[in-house]
Amino acid sequence: MADNARAKRLADLIREVVAEKLHRGIKDPRLGTHVTVTDTRVTGDLREATVFYTVYGDEEDRKAAAAGLESAKGVLRSAVGSAAGIKHTPSLTFVADALPETAKTIDEALARARAADEEVRKASSGAAYAGEPDPYRKPGESAADDADLPEGSDAPDGEDESA
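Residues numbered from 1 in each chain as written. Predicted model: local features only at pLDDT ≥ 70, side-chain atom pairs only at ≥ 80, totals over all residues. Heavy atoms only, no water.

Enquirer: When you look at helix α3 (residues 73-84) in this model, what are you seeing that I'm missing?
Expert: Two residues of an α-helix separated by three or four positions point the same way, owing to the 3.6 residues in each turn. Compared with an ideal rise of 1.5 Å per residue, which puts 12 residues at 16 Å, α3 spans 16 Å between its outermost C-alpha atoms and is within 8% of the ideal. Buried within α3 we find L76, A79, V80 and G81. Taken together, the buried residues of α3 touch α1 (4-25), α2 (59-71) and β3 (91-96). G85 sits one or two positions beyond α3 and adopts a positive phi of about 65 degrees. (Helix = DSSP H or I, 4+ residues; strand = E, 2+ residues; numbered from the N terminus. Expected span 1.5 Å × (residues − 1). Buried < 20%, exposed > 50% of the residue type's maximum accessible area, 1.4 Å probe, protein only. Contact = heavy atoms within 4.5 Å.)

So this is what it looks like as C-alpha cells:
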C-alpha cells in the first residue's frame, strides 16, 4: 500500500501527462482543444487512476470526446507509464466532470436570489416603519404615559399601579 503523498504525486503527474498528450500528441479530431483535464485521482494501491475532464461544447461534442478518450486510452496509458517509471502503470478511467453543470446551477440560483432581492427592494422603496420613529420610553415620560392608560388596564413593564 502506497502512502497518500505518493498517490497524490502520481495523480498530479498523470494529470499533466494526459493533458499534454491530449494537447500535442493525439491527432484525434474528436478531442482537439475542446477537452480539459480538471482532476486526477489514484487509488491507494496505485493500480487505477480516474481522470476527470470537461468538454467545451454541446452534448454531441461531449459524446464525441468521450469516444475519443476511450479510443486513445492505450496511448495515454503508455505515455503515463514512460513518464512515471513505475513497475505497474495504472489503468485509466475517464469520467466527465460535473463541475460545469454544478456551476451553472449555482449561477442560476444566485440569479433567482438577486431577482427576489430586487423585488423586495422595489416593494420597500416607499414604505415607512410601523409605529413611532422612536419606540423606546424615555426616563421622564412614564408619568404622562400612565395618565393615558384606560382604567383597569395593567401598568406597563412591571410597574406597580398601587405605588
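We are not done yet, so read on.
Enquirer: I keep staring at the pattern of salt bridges and nothing clicks. Help me out?
Expert: Note that side chains of opposite charge can pair when their charged atoms are close. The full count for this structure, using the stated rule, is 7 salt bridges. Salt-bridge contacts for R41 lead to D39; the nearest nitrogen and oxygen are separated by 3.4 Å. A residue is classified by how much of its surface remains accessible, and R41, at 51% relative accessible area, is exposed. The class for D39 is partly exposed, based on a relative accessible area of 25%. One salt bridge in this structure joins R121 and E118, with 2.5 Å as the shortest N-O distance. Of the two residues, R121 and E118 both sit in helix α4 (residues 99-123), 3 residues apart, roughly one turn of that helix. (Salt bridge = Lys/Arg side-chain N within 4 Å of Asp/Glu carboxyl O.)

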